[in-house]
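An overview of the molecular structure
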Amino acid sequence: QHPAHTYNSAGVYTVTLTVATISGCVDRRSHEVIISDGPTVSIDVSPSGCEEVATRMSLSGLAYEVSWDFGDPASAENTAEGTSVAHTYNASGSYSVTATATDVYGCSAVITSTIDIRENNLSGIITAVPGAEICDGGTITLSPPTGGISWEWSSGMSTETISVADGDHYTVTLTDEHQCSHTTPPFLVTVHPLPVVEVMAREIFGPDDYGVWQSSLEICEGEDFELRVFSDGSSDTYLWNTGSTSSVLTFDGHVADHPVADDYSYEVVATNPTTSCESDPVAINVTVHDLPDVPVIELVSGSRCSFDANVLEVRDADASLQYVWSDGQVGT
C-alpha cells in the first residue's frame, strides 16, 4: 500500500493504481509524477579577490533555496543563505567556495568554485609636478601611487592624474585588478596670491615740489617726471621693461635722460621673493609732447626807443598755439 520507486532519469511519468475487489470489481487511478534532474546553476564570482575586502558572489540559474560555504572555517561568518552574498577573507590564499542549490521539487545541486585571495600590497603617497605650492592662476598635476587600474579622487575626478588650481587637501583611492585598494594620506596644495601692483606717475617741478599722482601722464619734452610702483608687499622686487629693478623711475636729466616726444608704455612686473610668484604685467602710458618752435619776434612799427610806441608781432604765428608775452599780454 506504500510502494516506493527510484527513477534513474528525469522526466514526466504516469503512475497508475489498480484496485480489484474480491468480487472481481476493478478501479484504476492515474497520476503524473514530475522527476527533476536538479537545478542547473553556476557561481558567478571573480577568480581573484583581496584580503580584508568583501568578495561578492552570486548564483545564476533557477533555485528555490541556496546555501553557501565560503571555505573559510576560521571565519565566524563562513556560511550564508541567498542567491547573492559576500564574504570577507582576512588572509590571502586559495579558497574553495561551495554553493548548494535546491529546486522546488527538493532536488539539490552542489557546485564549487575556487577563489584566489591576494595580499594587499598597494601603498604610497600622492606626488605633484612641479610641486605642492603654486601661484594663483597656475596649475599642478597630481599623480597617485603605482599599482592601480582605477582611481577615485577626493575632488570627484576618476582619471589617473588630475590637474588642480585650488588650494586644498587631496586624497585618492586606487584599486587594482584584485579589488585591493589604498587611500593615500591627504596631500596639501597651497596657492599663493600674486603681488598686487599699481603704477603711478607725477611731474617734478623742483626739489620737494611734485605734481599729483596720476594713472597716466602727459608732459612736454624736457619736463621732469617720475614713475613709482605701489605694491602690497614691502619686500617685492621689480623688473621694468626698461631693464631697471628699482621701484622708482626718475627722469630729471640727471638720473635718466628725458624721453623725446612720443607715446611710451612703461611696464613693470613685481615678484614676491618668498613665493617667487609674479604679478601680471602692469603698464602706465606717458605721452611726451613736442615743444613749439621758438617764436621769431619782429618790430612792426615804432622807433625801438623806450618812449615811443613800438608794436611787436610774432612772425608766422601758429594759430593752434597761445602766445604769452613777458609783460603778461596774450596774443601774437
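I will try to describe carefully the structure that is included in this document. Just so we're clear, the structure is a prediction, and the values are computed from it rather than from any experiment. (Residues numbered from 1 in each chain as written. Predicted model: local features only at pLDDT ≥ 70, side-chain atom pairs only at ≥ 80, totals over all residues. Heavy atoms only, no water.)

Summing up its helical and strand segments, the protein chain has zero helices and 29 strands in all. The C-alpha atoms of the protein chain give a radius of gyration of 49 Å, which is well past the 20 Å a tight globule of 332 residues would have. With the principal axes as the frame, the protein chain shows a C-alpha extent of 185 × 45 × 20 Å. Here the protein chain holds 332 residues, and 29% of them are scored as buried. When contacts within the protein chain are restricted to residue pairs at least 6 apart in sequence, those whose partners lie at least 24 apart make up 48%. Counting only carbon and sulfur atoms, one obtains 49% of the accessible surface of the protein chain, whose full area is about 20,900 Å². The average position of the 8 basic charges and that of the 48 acidic charges among the side chains of the protein chain differ by 12 Å. (Helix = DSSP H or I, 4+ residues; strand = E, 2+ residues; numbered from the N terminus. Rg over C-alpha atoms; globule rule 2.2 N^0.38 Å. Buried < 20%, exposed > 50% of the residue type's maximum accessible area, 1.4 Å probe, protein only. Contact = heavy atoms within 4.5 Å. Areas by Shrake-Rupley, 256 points an atom, 1.4 Å probe, with all protein chains shown as cover. Lys, Arg positive; Asp, Glu negative; His and termini not counted. Charge placed at Lys NZ, Arg CZ, Asp CG, Glu CD.)

Moving on, we come to the environment of Val-197. Within the secondary structure layout, Val-197 lies in strand E20 (residues 197-206). Not counting residues within four places of it along the chain, the set of residues in contact with Val-197 comprises Val-229, Phe-230, Ser-231, Val-268, Ala-270, Ser-279 and Val-282.

With that out of the way, let us pick up the pattern of salt bridges. Note on pairing: side chains with opposite charge can pair once their charged atoms come close. Using the criterion set out here, one finds four salt bridges in the structure. Asp-27 is the salt-bridge partner of Arg-29, the closest N and O atoms lying 2.9 Å from each other. Note on Arg-29: relative accessible area 55%, which makes it exposed. Overall, the relative accessible area of 37% leaves Asp-27 in the partly exposed class. Across the salt bridge formed by Arg-118 and Asp-116, the nearest N and O atoms sit 2.7 Å from each other. (Salt bridge = Lys/Arg side-chain N within 4 Å of Asp/Glu carboxyl O.)

Strand pairing in a sheet is mediated by backbone hydrogen bonds. Such pairs are either parallel or antiparallel. Ordered in space as E3-E5-E8, the three strands form an open sheet in which the pairing is antiparallel. Taken across any chain shown, the strands that pair with only one partner, and hence form the sheet edges, are strand E3 (41-45) and strand E8 (84-88). The average undirected angle you get between the axes of adjacent strands in this sheet is 25°. In the sheet, strand E5 (residues 54-61) pairs with E8 via five bridges, with the strands oriented antiparallel. Pairing of Arg-56 across the sheet is with Ala-86, part of E8. (Pairing = 2+ DSSP bridges. Axes fitted to C-alpha atoms, helices over the stretch in contact; angles between N-to-C directions.)

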